[in-house]
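Single-letter residue listing:
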Amino acid sequence: MSATSTLTIEGLLRPPERSGITISPDGTRLAYLSMWHERLNIWVEEIDGGTAPRCVTADDSRSIVRYLWADDSRHLLYQQDSGGDENWHVYRIDLDDPDAPAVDLTPFPGATVQGLELRRGRPGHATLQMNAENAAEFDLYDLEIGTGTLSRLAPGPGAGSSWMLAGDTLLRRTMRADGTWELWRDEVLIAAFDGDAYPMDVHPFEAAPDGSSIWFGSYQGTDHLHPARLDLATGEETMIHHHPRADLDTRPLVFTNLPSPLIRHRRTGELLGVRYHGMRMHTEPLDPHFAEVLEVVGTLCDGDIGALTSDVDQRRWVVSFLHDRDPQTWLYDHRTGRSRLLARSLEHLDVDLLSPVESIEITARDGLRLPAYLTLPAHEEPRDLPLVLMPHGGPWTRDWWRYDSIVQLWANRGYAVLQPQFRGSAGFGRAHMEAGVGEFAGRMHDDLLDAVDWAVAQGIADPERVGVFGGSYGGYAALVCVAFTPERFAAAVEYVGVSDLVDYLRSLPEYARSGLVNNWYRYVGDPSDAEQAADMTARSPITRIGDIRSPLMVVQGANDVRVRRENSDRIVAGLREQGNEVEYLVFDDEGHFILNPENVLALYHAADRFLARHLAKKPAPTP
């Protein structure tokens, strides 16, 4: 246990009083997420006072995490699924009718909504894509927000395809069998994109306001993802801007409640700036007025600018700052020059007891440079500490410099915490990402071992007290650690981790399977090919249950549509049969993301006890 005062799990994981704060288009109201009946719900307040903040949703079963303002400043839209089933519905709130309940605008059982966006140029309307007619295909709809009227603009364009609007022009994005992305207008091919460069999708991919071009993320001419313009008339690509050492922020591709890396004018849609993400976040202005705003708001906090929204006149701005120990959100009025602190997310904690997050670089055994984040216990000599290795999920995503309650939990308990951005991670250049092709349970795993070896060589970590903690792909990586190299790890916690690669790909929802060519099929294998399926099986921890010797904790959402409970049941039963120590937590009201606060607390209380038991310093042998 750390010599530092012990922080409670409830305090570390407590949701901020306000999070996800945004400003209404007319600049008069703020919306944010806060607790109601132990769940995150949407609250609204008047910026200039006069009325008390009020909760405008009433979901007491599952926290709300996705919402957006309609352009009339009267309505809010939010998305919610049921028990983690990932069937996302769109709901509407009418702020002018406080007694009216939220209305489900997409009440179709078994259907899910993707790509909800306000329709630029048509006030009061949004577009969305939904698979209500065919589970494998998404029709494009116009949604009249005030009435809830849904009008189908185009039928599903086929598996692996989707629609988008550029002005009033309907464009079709299609993935060929080889993974190449194509953009079509009617029967005219406009452009093709190398699918190998985009394991998840071409991102960002947004129509310019005049409908003449597309703004998208490109690697052309550089290893780093940068914004480019595609002319829809000629198919010509031109670079808008680039950063020599950082990629466009790719987090929104996986975490859909995060902002796009393209910062746009709320009224006109013009490009104001771009957000790059190296080891820290960097916002680059492309507009003189926005540059003036950035110059001022950048002085409000020593963190990194994360999300920002403004009213349509660009007078009032809400700016959220990422920070490892003191994340904040501010309101700034560019006309008056006045600013006001809206929220400090951790005001209930003693910041002095939290640990700084350090950016480091580790050299892998084959010479590849691995970015990493290292967090050490506050006020403690970093020598021969127990180490918690935390591989991120995805794997085509990344960690970032910020307050992470789980990282701070382990650091407060006296563990060094290491988050290596192993090959295959997105956001550190195309070459770094593509170095992960064919390397599941191979060099991607070696990178984790090399990171541990670095910490041991630095004298930071005790090699006898190394644990691993991860979820989703990070859970797969944790299982690989204890199944492929059991002698290296004293304990492991995996939650919703992939244990059987073949079964995982065969069990994905039907609508997701057509998008596997550039990610799972390319990086891991296609289970329909017998030879590749055999290789995937060999890289699956579930086939090595007999090799696991380290104590293991398994966490599963019963409704997980990606990682089936049957595989976790099989691992736990196999380990118990052979006498291994294994703890098993199953949450009946969760899916692939453990979300409800009582379940999150139960998970981390159990993990805290588990790691404390197995990473404690062993007593010296009696002479």
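Look up: the structure comes first, before these words.
One numbering rule holds for all chains: residues counted from 1, following each sequence as written. Side-chain atom pairs in this predicted model are given and counted only at pLDDT of 80 or more, local residue features only at pLDDT of at least 70, and totals for whole chains, interfaces and linings cover all residues. With hydrogens and water excluded, all non-hydrogen atoms of the structure serve as input to the side-chain values.

Enquirer: Go over helix H4 (residues 405-412) with me, naming the residues and quoting the values.
Expert: For the exposure calls, accessible area comes from a 1.4 Å probe over protein chains only, and a residue counts as buried if that area is under 20% of its type's maximum, exposed if over 50%, partly exposed in between. By the criteria applied, helices consist of DSSP H or I runs no shorter than four residues and strands consist of E runs no shorter than two, each listed in order from the N terminus. The buried fraction of H4 is high, at eight of eight residues. Taken residue by residue, H4 has Ser405, Ile406, Val407, Gln408, Leu409, Trp410, Ala411 and Asn412 as its buried positions. Whenever a nitrogen or oxygen atom comes within 3.5 Å of another N or O atom, the pair is scored as a polar contact, on the condition that within protein one atom can donate a hydrogen and the other can accept it, and that pairs from neighbouring residues in sequence are kept only if both atoms are in side chains. For H4, the capping residue at the N-terminal end is Asp404, with a side-chain oxygen 2.9 Å from the backbone nitrogen of Ile406. Just beyond H4, the residue with positive phi is Gly414, at close to 100°.

Enquirer: Give me the lowdown on the pairing of strand S29 (residues 357-363), citing residues and values where you can.
Expert: On a regular strand, one side chain projects to one face of the sheet and the next to the other, so that they alternate. Following DSSP output, two strands are said to pair if at least two bridges run between them. Note that S29 and strand S30 (residues 369-375) share seven bridges and pair antiparallel. Within S30, the residue paired with Glu361 across the bridge is Pro371. Once S29 ends, the chain turns through five residues before running back antiparallel as S30, passing Gly367 with a positive phi of about 95°.

Enquirer: Residue-level account of the environment of Val296, with values.
Expert: Among the structural elements, Val296 can be located in helix H3 (residues 288-297). Accessibility expressed as a relative area gives 31% for Val296, which makes it partly exposed. When the C-alpha positions of Val296 and Gly337 are compared, they lie 8.4 Å apart, and in sequence the two are 41 residues distant.

Enquirer: An account of the sheet that holds strand S11 (residues 137-144) is needed here, citing residue identities and associated values.
Expert: Pairing is antiparallel across the open sheet formed by four strands, whose spatial order is S9-S10-S11-S12. Of all strands in the sheet, those bounded by a partner on one side alone are strand S9 (113-118) and strand S12 (149-154). For this sheet the average axis-to-axis angle between neighbouring strands, irrespective of direction, equals 35°. With five bridges joining them, S11 and S12 adopt antiparallel strand pairing. Axis definition: a line fitted to C-alpha atoms, limited for helices to the stretch in contact. Angles are taken between N-to-C directions and run from 0 to 180 degrees.

Enquirer: Tell me about the pattern of salt bridges, and name the residues and values.
Expert: Between Lys or Arg on one side and Asp or Glu on the other, a salt bridge is scored when a side-chain nitrogen of the former is within 4 Å of a carboxyl oxygen of the latter. Under the definition given, this model contains 46 salt bridges. One salt bridge in this structure joins Arg316 and Asp48, with 2.8 Å as the shortest N-O distance. Linking Arg316 in strand S26 (residues 316-322) with Asp48 in the loop between strand S3 (39-46) and strand S4 (54-55), this pair joins segments that are 268 residues apart in sequence. What makes Asp48 exposed here is its relative accessible area of 63%. One salt bridge in this structure joins Arg176 and Asp178, with 3.0 Å as the shortest N-O distance. Assessed through its relative accessible area of 38%, Arg176 is described here as partly exposed. Through salt bridges that share partners, Arg29, Glu46, Arg74, Asp94 and Asp96 make up one connected network.

Enquirer: Give me the lowdown on the packing of helix H6 (residues 443-457) against helix H7 (residues 473-484), citing residues and values where you can.
Expert: Between H6 and H7, the shortest axis-to-axis distance is 11 Å and the interhelical angle comes to 75°. Classed by the angle they form, the pair H6 and H7 counts as roughly perpendicular. Along its contact with H6, which presents Met444, His445 and Leu448, the element H7 presents Tyr473, Ala477, Val480 and Cys481. Each residue is assigned to one class: nonpolar for Ala, Val, Leu, Ile, Met, Phe, Trp, Tyr, Cys and Pro, charged for Asp, Glu, Lys and Arg, and polar for all the others, Gly among them. In the contact of H6 with H7, the residues fall into six nonpolar, one polar and no charged. Here roughly perpendicular refers to angles of 65 to 115 degrees, roughly parallel to angles under 35, roughly antiparallel to angles over 145, and oblique to all remaining angles. Contacts between residues were defined by any pair of non-hydrogen atoms, one from each residue, lying within 4.5 Å.

Enquirer: Go over unusual backbone geometry, please, and point to the residues and values.
Expert: Cis peptide bonds are those with omega within 30 degrees of zero, and the linkage from His203 to Pro204 qualifies with -10°. Of note, Pro204 is situated in the loop between strand S16 (188-193) and strand S17 (205-207). Along the chain, Gly394 connects to Pro395 via a cis peptide bond; the corresponding omega equals 5°. Phi angles above zero are rare outside glycine, and Ser472 is one such case at about 60°. Counting through the fold element by element, Ser472 comes out in the loop between strand S33 (461-471) and H7.

Enquirer: Help me get a handle on the packing of aromatic side chains, residues and values and all.
Expert: Stacked, edge-to-face and tilted labels apply to pairs of Phe, Tyr and Trp rings (six-membered ring for Trp) whose centres lie within 6.5 Å, assigned for plane angles under 30 degrees, over 60, and everything in between, in that order. For the structure on display, the rule yields 19 aromatic pairs. Plain terms: the ring middles of Tyr473 and Tyr476 are 5.5 Å apart, the flat faces sit at 40° to each other, and that makes the pair tilted. Here Tyr473 pairs with Tyr476, and both are found in helix H7, just three residues apart, close to one helical turn. The class for Tyr476 is buried, based on a relative accessible area of 1%. A connected cluster of aromatic rings, assembled from ring pairs, spans Trp396, Phe422, Phe440, Tyr473, Tyr476, Tyr504, Trp520 and Tyr523. The ring centre of Trp181 lies 5.2 Å from the NZ or CZ of Arg173, which sits over that ring. Counted as over-ring charges are cases with an Arg CZ or a Lys NZ within 6 Å of the ring centre that also lie within 35 degrees of the ring normal. Above the ring of Trp401, the side-chain terminus of Arg280 is found at 3.5 Å from the ring centroid.

Enquirer: Let's hear about the sheet that holds strand S13 (residues 161-166): which residues, and what values?
Expert: Pairing is antiparallel across the open sheet formed by four strands, whose spatial order is S13-S14-S15-S16. Edge strands, defined here as strands with exactly one partner in the open sheet, are S13 and S16. Recorded for the sheet is a direction-independent mean angle of 25° between the axes of neighbouring strands.

Enquirer: Just give me the short version of the nonpolar core, but keep the residues and values in it.
Expert: The set of buried Ala, Val, Leu, Ile, Met, Phe, Trp, Tyr and Cys residues whose side-chain atoms join them within 4.5 Å is what this entry labels a nonpolar core. One finds Leu183, Phe193, Ile214, Phe216, Leu418, Phe440 and Trp520 to be the most contacted residues of the largest nonpolar core, which totals 90 residues. Here this core gets ten residues from one element, more than from any other, and that element is H7. Aside from chain neighbours lying at most four places away, what touches Trp520 is Gly394, Trp396, Phe440, Leu501, Tyr504, Leu505 and Gly525.

Enquirer: Lay out the pairing of strand S7 (residues 89-94) with the relevant residues and their values.
Expert: The element S7 is largely enclosed, with a buried count of six among its six residues. Residue alternation in S7 divides its side chains into two sets, His89, Tyr91 and Ile93 and Val90, Arg92 and Asp94, and both sets are buried. The sheet contact formed by strand S6 (residues 75-80) and S7 spans six bridges and is antiparallel. Looking at S7, one finds that Leu76 is bridged to Ile93. Where S7 meets strand S8 (residues 103-104), two bridges bridge the pair, whose relative direction is antiparallel. Bridging across to S8, Tyr91 finds its partner in Asp104.

Enquirer: Which residues make up H3, and what are the values?
Expert: Among the residues making up H3, those that are buried are Phe290, Val293, Leu294 and Val297. The buried residues of H3 occupy an angular sector of 100° when projected down its axis, which confines them to one face. Across H3 from its buried face, at more than 90 degrees, point the exposed residues Pro288 and Glu295. Of the surrounding elements, those touching the buried residues of H3 are strand S22 (262-264), strand S23 (271-277), strand S24 (281-285), strand S25 (304-310), S26 and strand S27 (328-333). For H3, the N-terminal cap is Asp287; the gap from its side-chain oxygen to the backbone nitrogen of His289 is 3.1 Å. Throughout, the arc means the angular range of directions from the helix axis out to the C-beta atoms.

Enquirer: For the side chain of Asp326, give the residues involved together with the corresponding values.
Expert: Inspection of the secondary structure assignment puts Asp326 in the loop between S26 and S27. For Asp326, a relative accessible area of 13% translates into the label buried. A distance of 3.0 Å separates polar atoms of two side chains, one belonging to Asp326 and the other to Arg344. Those residues in contact with Asp326 that sit more than four places away from it in its chain are Arg344 and Leu346.

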